[in-house]
Amino acid sequence: MTDHATDTSPADRGYLTDKGFRSWALTLDHKRIGVLYLFTTLFFFLVGGVIALLMRLELLTPGPSLMNDHTYNVLFTLHGAIMIFLFIIPGIPSGLGNFFIPLLIGARDVAFPRLNLLSYWVFIGGIVVILASLVSPMDTGWTFYTPYSAKTGAAVATLSFGIFLVGMSSILTGLNFIVTTHRLRAPGLTWMRLPLFIWGMYATSIIQVLATPVVGITFLLLAAERLFGVGFFDPAKGGDPLLFQHFFWFYSHPVVYVMILPAMGIISEVIPVFSRKAIFGYRAIAYSSLAIAFIGFLVWGHHMFVSGMSPVAGVIFSFLTFFVAVPTGVKVFNWIATLYRGSITFESPMLYALTFIFLFIIGGLTGPFLGALATNVHLHDTYFVVAHFHYTMMGGTVMGLFAGLHYWFPKMTGRMLNETVAKLAWAVTFVGFNATFFVMFIMGYHGMPRRYAEYLPKYHADNVFATAGSWILAVGVAIMFANFVWGMLRGEKAGANPWRGLTLEWQTPSPPPTENFEEIPTVTDWPYGYGKKVVCR
């Protein structure tokens, strides 16, 4: 079905025409800034992945082998902090969001291009500060729980300031996207004609703007406690460690939806294109994004069921946790309804989209065990939590990112990927992911605690299986990235619309020119009119 037309001149490199460091470092083009974000975040995805492989190697045997316990603690802190703050939170919103929001709404750029560039360099500044903290690396885990993080000799204040800068970058990006969506939509592009990726990004941006300041202030308070001795979280200084947990999870649970909502938006774009069928339940999917963003602010307490909260508070947080499954289920059922009786083809973006749905369902169905009070106590801080988190975040968000990268690669680069290699990478990644993480559900159910470098011999076979799976997963990811490099350098020229999509980004050349469109398009219909057109106004 691919349209590898020759309508793109070999000499036409669109927004990629200018070369040199300065043309990238000082660019105001949202597409180039998106590419900068993608390269940066994907680099740290690989760094975090290598650290995970080292941890899995250590867990190959029950006792100490490659490293001591402190080194293991440092590695799992780095793995969590890098993957969360430097890859998975900014990956889709700042990377693909920057590149495609203006294209999808028919705009020439974001509302504040200079603020957009400032946001990227603030992000880089945060990374530099975080790297500086490695002089005395943290061993607290990525949650930085007090009172240990208030007392340890590690560079907590430095790392906290780095995360504060990364958070500031996230707020600036979210603010820019909200104004862009409100003010720069093409003529005729009403809210009910917006692509669902835009709805996902809009809900994400609201969370970024409202929730991120909380964690920024929390880390500033933590730094103030360490530097000036003010008692916020340390009981010895009159503080309350549970206050830190409340602040941290008030941000960190909504930010789960900063990670997953953009990926859900990508799936909502890919499914109808490769099913050749109008999206089912457009309004329900669009409004469910806002519902998830709103309810996400109310469920942080389920991370603290064993912290001593009152039974009434526990019941309320448990109910709200179950309630957030409703809008999430709305999306999944509507995607499946879209697939029903569609003319489905299995190109690599579709394979990753279907993988997202399959793995996210597993992650979602294991969530209620952690949202229910009784089972949460049994499973708390076990490998069941690790498995659930990775099925939701890697099986969900990262697979959604991979679907988006394969779907929009021709638009971003003007070249096609090798589809055979892309499918091989998908197959190996799928097998490796499930081999690595599904067995962790079993380990957690049997009581193996997380975050420990050593474990009882009865868990040995399961850990050997998971470690073998991690290396299969690494091979799949390596094949995928090799295909990305090959595609950028040697891939077949891509036409303007190789997937025959109906959204606006496919109505401009691949790669797009600096101004995106020769003329701002006028929108007369919604973007999912495959087969029988359904006008939604």
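Residues numbered from 1 in each chain as written. Predicted model: local features only at pLDDT ≥ 70, side-chain atom pairs only at ≥ 80, totals over all residues. Heavy atoms only, no water.

**Section: the overall build of the protein**
Then, number 1: Broken down by element type, the protein carries 18 helices and zero strands.
Then, number 2: Relative to the compact-globule value of 24 Å for 537 residues, the protein shows a C-alpha radius of gyration of 23 Å, a close match.
Then, number 3: C-alpha atoms of the protein, sized along the principal axes, occupy 65 × 50 × 45 Å.
Then, number 4: Within the span of the protein, comprising 537 residues, buried residues form 59% of the whole.
Then, number 5: In the protein, once contacts between residues fewer than 6 apart in sequence are set aside, the share between residues at least 24 apart is 83%.
Then, number 6: With the model as given, the accessible surface of the protein reaches about 20,700 Å², and the carbon-plus-sulfur share is 71%.
Then, number 7: One finds the centroid of the 31 positive side-chain charges in the protein at a distance of 6 Å from the centroid of its 24 negative side-chain charges. (Helix = DSSP H or I, 4+ residues; strand = E, 2+ residues; numbered from the N terminus. Rg over C-alpha atoms; globule rule 2.2 N^0.38 Å. Buried < 20%, exposed > 50% of the residue type's maximum accessible area, 1.4 Å probe, protein only. Contact = heavy atoms within 4.5 Å. Areas by Shrake-Rupley, 256 points an atom, 1.4 Å probe, with all protein chains shown as cover. Lys, Arg positive; Asp, Glu negative; His and termini not counted. Charge placed at Lys NZ, Arg CZ, Asp CG, Glu CD.)

**Let's talk about the side chain of Thr503**
Then, number 1: With respect to the element layout, Thr503 can be found in the segment after helix 18 (460-490).
Then, number 2: On the basis of relative accessible area, Thr503 is assigned to the buried category, the value being 3%.
Then, number 3: At 2.7 Å, the side chain of Thr503 forms a polar contact with the side chain of Glu505.
Then, number 4: Other than its neighbours up to four places away in sequence, Thr503 contacts Leu104, Pro195, Glu269, Tyr407 and Pro527. (Polar contact = N/O pair within 3.5 Å; in protein donor to acceptor, adjacent residues only side chain to side chain.)

**Concerning the packing of aromatic side chains**
Then, number 1: As enumerated under the stated definition, the model contains 49 aromatic pairs in all.
Then, number 2: Clustering of aromatic rings is evident, with ring pairs tying together Tyr15, Phe99, Phe100, Phe197, Phe274, Tyr407, Trp408, Trp499 and Trp506.
Then, number 3: The ring centre of Trp24 lies 4.2 Å from the NZ or CZ of Arg32, which sits over that ring. (Phe/Tyr/Trp six-rings, centres within 6.5 Å; stacked < 30°, edge-to-face > 60°. Lys NZ or Arg CZ within 6 Å of the ring centre and 35° of its normal.)

**Section: the pattern of salt bridges**
Opposite charge on two side chains permits them to pair, given that their charged atoms come into close proximity.
Then, number 1: Taken as a whole and judged by the stated rule, the model has four salt bridges.
Then, number 2: Between Asp29 and Lys31 there is a salt bridge; the shortest N-O distance is 3.0 Å.
Then, number 3: Through salt bridges that share partners, Asp381, Arg450 and Arg451 make up one connected network. (Salt bridge = Lys/Arg side-chain N within 4 Å of Asp/Glu carboxyl O.)

**Some points on the environment of Thr181**
Then, number 1: For Thr181, the position within the fold is in helix 6 (residues 156-183).
Then, number 2: Assessed through its relative accessible area of 2%, Thr181 is described here as buried.
Then, number 3: A C-alpha to C-alpha distance of 9.4 Å links Thr181 and Ala107, two positions 74 residues apart in sequence.
Then, number 4: Residues within four places of Thr181 in sequence aside, it is in contact with Ile105, Trp191, Leu194, Ile198 and Tyr202.

**Some remarks on the UniProt feature "domain: Cytochrome oxidase subunit I profile" (unreviewed entry) in the protein**
Then, number 1: The sites that carry the UniProt feature "domain: Cytochrome oxidase subunit I profile" (unreviewed entry) are, in the present numbering, residues 24-524.
Then, number 2: For residues 24-524, the end-to-end C-alpha separation is 35 Å, with 69% helix and 0% strand making up the annotated structure. (UniProt positions renumbered as here; feature names shortened; annotations may be inferred.)

**Concerning unusual backbone geometry**
Then, number 1: Cis geometry is found at the peptide bond from Thr146 to Pro147, where omega equals 10°.
Then, number 2: Within the fold, Pro147 resides in the loop between helix 4 (113-132) and helix 5 (148-151).
Then, number 3: In this model, Ser510 is joined to Pro511 through a cis peptide bond whose omega is -5°.
Then, number 4: By secondary structure assignment, the location of Pro511 is in the segment after helix 18.
Then, number 5: Phi at Arg341 takes a positive value of approximately 65°, unusual for a residue other than glycine.
Then, number 6: Inspection of the secondary structure puts Arg341 in the loop between helix 12 (325-339) and helix 13 (348-365).
Then, number 7: Even without being a glycine, Asn516 presents a positive backbone phi close to 75°.

**Quick notes on a nonpolar patch on the surface**
Then, number 1: Together, Phe39, Val485, Met488 and Leu489 line one region of the surface with nonpolar side chains, adding up to about 400 Å² of accessible area.
Then, number 2: When residues of the nonpolar patch are assigned to their parent elements, the largest contribution, three residues, is made by helix 18.
Then, number 3: The exposure class of Val485 is partly exposed, given its relative accessible area of 43%. (Patch = residues over 30% accessible without salt bridge, like charges linked within 9 Å, V, L, I, M, F, W, Y side chains within 5 Å.)

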